[in-house]
Amino acid sequence: QVQLGESGGGLVQPGGSLRLACVASGSIFEIYAMGWYRQAPGKQRELVAAITNGGSTNYADSVKGRFTISRDNTKNTVYLVYLQMNSLKPEDTAIYYCKSTGSTRDYWGQGTQVTVSS
């Protein structure tokens, strides 16, 4: 099994920045990709950004040029994934979830709230 824990959410003004972090532990050797998803009230969960073990990335059109996903998979016991969010907009307000994609199944974190408001 893989355990995921997110941190870094909070309240920020429009135009501000936040950095989210996700720590994956457990059977991290199974992981071949990690992603950030978000779900706003009344909306479906959507992909924000994803990254493979090889470093290939994929972004939602709505965050391209503003968000950057990165990872550190060099440690033996944990797999770290970050989401740097700049130029935040009110429409970025959502619960942000970390997801691991593995050879046997996917796992989700509990989520961290991001609120962009003045």
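Note that residues are indexed from 1 along each chain, following the sequence as it is written. The predicted nature of this model means local features are confined to residues of pLDDT at least 70 and side-chain atom pairs, given and counted, to a pLDDT of 80 or more, with totals for whole chains, interfaces and linings taken over all residues. In computing side-chain values, all of the structure's heavy atoms are included and hydrogens and water are not.

Asker: Give me the lowdown on the overall build of the protein chain, citing residues and values where you can.
Answerer: A helix here means a DSSP run of H or I that spans at least four residues, while a strand means a run of E at least two residues long, and both kinds are numbered starting from the N terminus. A count of helices and strands for the protein chain gives 0 helices and 11 strands. Overall, the protein chain shows an N-to-C arrangement of helices and strands of β-β-β-β-β-β-β-β-β-β-β. The globule rule used for comparison is 2.2 Å times the number of residues to the exponent 0.38, while the radius of gyration itself is calculated over C-alpha atoms. The C-alpha atoms of the protein chain give 14 Å as radius of gyration, which agrees with the globular expectation for 118 residues (13 Å, within 12%). Projected onto the principal axes, the alpha-carbon positions of the protein chain cover approximately 40 × 25 × 20 Å. In this scheme, a residue with accessible area under 20% of its type's maximum is buried, one over 50% is exposed, and one in between is partly exposed, where area comes from a 1.4 Å probe on protein chains only. Taking all 118 residues of the protein chain together, the buried fraction comes to 44%. Of the contacts made within the protein chain by residues no fewer than 6 positions apart, 53% connect residues no fewer than 24 positions apart. Note on areas: Shrake-Rupley with a 1.4 Å probe; residue coverage comes only from the protein chains shown. Summing over all exposed atoms, the protein chain offers an accessible surface of approximately 6100 Å²; the carbon and sulfur share of this is 46%. Here the protein chain contributes 11 positive and 8 negative side-chain charges, whose respective centroids are spaced 2 Å apart. Contact criterion: two residues are considered in contact whenever any of their non-hydrogen atoms come within 4.5 Å of each other. Only four residue types enter the charge count: Lys and Arg as positive, Asp and Glu as negative, with His and the chain ends excluded. Every charge is mapped onto a representative atom, which is NZ of Lys, CZ of Arg, CG of Asp or CD of Glu.

Asker: Go over the pattern of salt bridges, please, and point to the residues and values.
Answerer: By salt bridge we mean one thing: a side-chain nitrogen of Lys or Arg within 4 Å of a carboxyl oxygen of Asp or Glu. Following the criterion strictly, the structure yields 6 salt bridges and no others. A salt bridge links Arg38 to Glu46; the nearest nitrogen and oxygen atoms lie 2.8 Å apart. By relative accessible area, Glu46 is classed as partly exposed at 37%. For the salt bridge of Arg66 with Asp92, the shortest nitrogen-to-oxygen distance reads 2.8 Å. One end of the pair, Arg66, is in the loop between β6 (57-59) and β7 (67-72); the other, Asp92, is in the loop between β8 (78-85) and β9 (94-102), with 26 residues separating them in the sequence.

Asker: I'd like a rundown of the pairing of strand β3 (residues 18-26), residues and numbers included.
Answerer: Both strand β1 (residues 2-7) and β3 contribute to a ladder of 6 bridges, which runs antiparallel. The residue bridging Val2 from the neighbouring strand is Gly26, located in β3. Pairing between strands requires that DSSP locate at least two bridges from one strand to the other. Alignment of β3 against β8, held across 8 bridges, turns out to be antiparallel. Counterpart to Ala24 in the pairing with β8 is Tyr79.

Asker: Any chance you could break down the packing of aromatic side chains for me, citing the residues and the numbers?
Answerer: Stacked, tilted and edge-to-face are the three classes applied to pairs of Phe, Tyr and Trp rings, where Trp contributes its six-membered ring and a pair requires centres within 6.5 Å; stacked means planes under 30 degrees apart, edge-to-face means over 60, and tilted covers the rest. For the coordinates displayed, the defined rule picks out 2 aromatic pairs. Each ring, one from Tyr37 and one from Trp108, has its centre 4.9 Å from the other, and the planes form 65°; the classification is edge-to-face. Taken together, the positions of Tyr37 in strand β4 (residues 31-39) and Trp108 in strand β10 (residues 106-108) put the pair 71 residues apart, joining distant regions of the chain. Exposure remark for Tyr37: the relative accessible area of 18% places this residue in the buried category. Note on Trp108: relative accessible area 36%, which makes it partly exposed. Seen in terms of ring centroids, Tyr97 and Trp108 are 6.4 Å apart; in terms of plane orientation they differ by 85°. Their pairing is edge-to-face. With Tyr97 in strand β9 and Trp108 in strand β10, this residue pair connects regions lying 11 residues apart in the sequence.

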